[in-house]
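Coordinates in review
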Amino acid sequence: MDRPIYKSRPIGSIDSLAHALRVSAHALLNYANQRDDLYDFFQIEKRDGSAREICSPKRELKFIQKRINRAIFDNVEYPSYLYGGIKDRDYVKNAMEHAGAKALIALDVRDFYPSISENHVKEIFKNFCRFPDDVASILVRLTTLAGAVPQGACTSSNLANLVFYEIEHVLVKDLRDQRICYTRLLDDISISSKGRPFGKKEQERIIKRVSSMLATRGMHLKNKKTKVVSQENPTDLMEVTGLWLNRGLPRIKRTERIEIRKELRKTERTFGVSRTSEEYHSIFNRVSGKVAKIAHLRHAEAHIARSRLRGILPHLGIDEQMHLARRVRSLSVAKSDRRGTVEYIKKYYQALYLVSILRRNNRKTAAKHKAVLEKCRPTRTYESIVYG
């Protein structure tokens, strides 16, 4: 049966957990006890204009959470219906599961992350991973904040994928038996039929089944986001995680493609005025990301757009070139013990990135900087510092 499986042996004690996470048991307890002080808070704007609070763990806690991912969640075999936060399973592949659908039910879970409580997380570590109570309890403190899973911690998507580990697979099997496809990308649930549209009673029954599953975790659907559409009505887009499926394969909307074309033309005009400003670098990176999106979706116009971008690559201005020269000199005289720190590694690769940009308009100077940087490479990798 297609359900999550924890493939490793249980971690049987705090000392074993500390060993698996490459820290002392004393340090682990300190991080757990101080977790409320180990987050930074900021807001981002959602697509509907409302604000979403992000809780970003500070470096020391982030390192521990990444090690939890490596030591524990990398040993989870996730079922095929889960997407998001799982290697090689992004929003495009999620939408691809529903390609060719005749009808679609799109559902959204209300206040998803705040609804994943400490008790839910403890159940995952204790019952799913089979860890003893003391190990489960300390892991709960290292992965939750204010009684819930924080949106912004790197462990949160793994916990989100496992929150329905006991019951979701039963719903999925029942739907598959009726040739109905179910996928979940964190808080976005998509259910489709490739053979026929859903009847009215069938829609209601499916939505009720999903609502019942959510209710076991104290969650509810965001009713205003519930959408039932079919290919028979071309005015309604069958949309899965931001991509529409009315023509079979996942695509971005025509209005979004038009907007990308406008932004590309604007970027070309700005390049003609100033190709070295910080503002231009920001504009270029933004439109480059959008072109990468249509390339990922294999839109026909992506090849031409990429070609146009190659003709308007940002350059480094005089001030930026002088700043880069100072940074390279500073890195070259750093002592060997400093070359194994996170700060040095970040500055080194930032300098290397800027040298690659400098090559576009000053190959000779870029080559000199590259030669200097080759002699003062970091003595450790970022991964070795994070994972021990």
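The model shown is predicted, which means the values in this text are computed figures rather than measured ones.

1. Notes on the sheet that holds strand 8 (residues 188-193)
Within the open sheet, the five strands sit side by side as 5-7-8-6-9. Their pairing is mixed. In the strand order of this sheet, the two ends are held by strand 5 (82-83) and strand 9 (227-230), each with one partner. Seen against the sheet, helix 9 (residues 168-177) touches strand 5, strand 7 (180-185) and strand 8 and runs at an angle of roughly 150 degrees to strand 7. Relative to the sheet, helix 10 (residues 200-215) contacts strand 6 (103-108), strand 7, strand 8 and strand 9, its axis offset from that of strand 6 by approximately 30 degrees.

2. Examining unusual backbone geometry
For Asp111, which is not glycine, the phi torsion reads 45 degrees and is therefore positive. Structurally, Asp111 is set in the loop between strand 6 and helix 5 (112-115). Phi is positive for Ala146, which is not a glycine, with a value near 55 degrees. Mapped onto the elements, Ala146 comes out in the loop between helix 7 (133-143) and helix 8 (156-162). Among the residues examined, Ala146 registers a relative accessible area of 75% and is labelled exposed.

3. Re helix 2 (residues 25-33)
Regarding helix 2, the residues found buried are Ala25, Leu28 and Ala32. For helix 2, the angular spread of buried residues about the axis comes to 60 degrees, placing them on one side. Facing away from the buried surface of helix 2 by more than 90 degrees, the exposed residues are His26 and Asn33. On its buried side, helix 2 packs onto helix 1 (14-21), helix 3 (59-71) and helix 7.

Calculation rules
Residues numbered from 1 in each chain as written. Predicted model: local features only at pLDDT ≥ 70, side-chain atom pairs only at ≥ 80, totals over all residues. Heavy atoms only, no water. Pairing = 2+ DSSP bridges. Helix = DSSP H or I, 4+ residues; strand = E, 2+ residues; numbered from the N terminus. Contact = heavy atoms within 4.5 Å. Axes fitted to C-alpha atoms, helices over the stretch in contact; angles between N-to-C directions. Buried < 20%, exposed > 50% of the residue type's maximum accessible area, 1.4 Å probe, protein only. Arc of directions from axis to C-beta.

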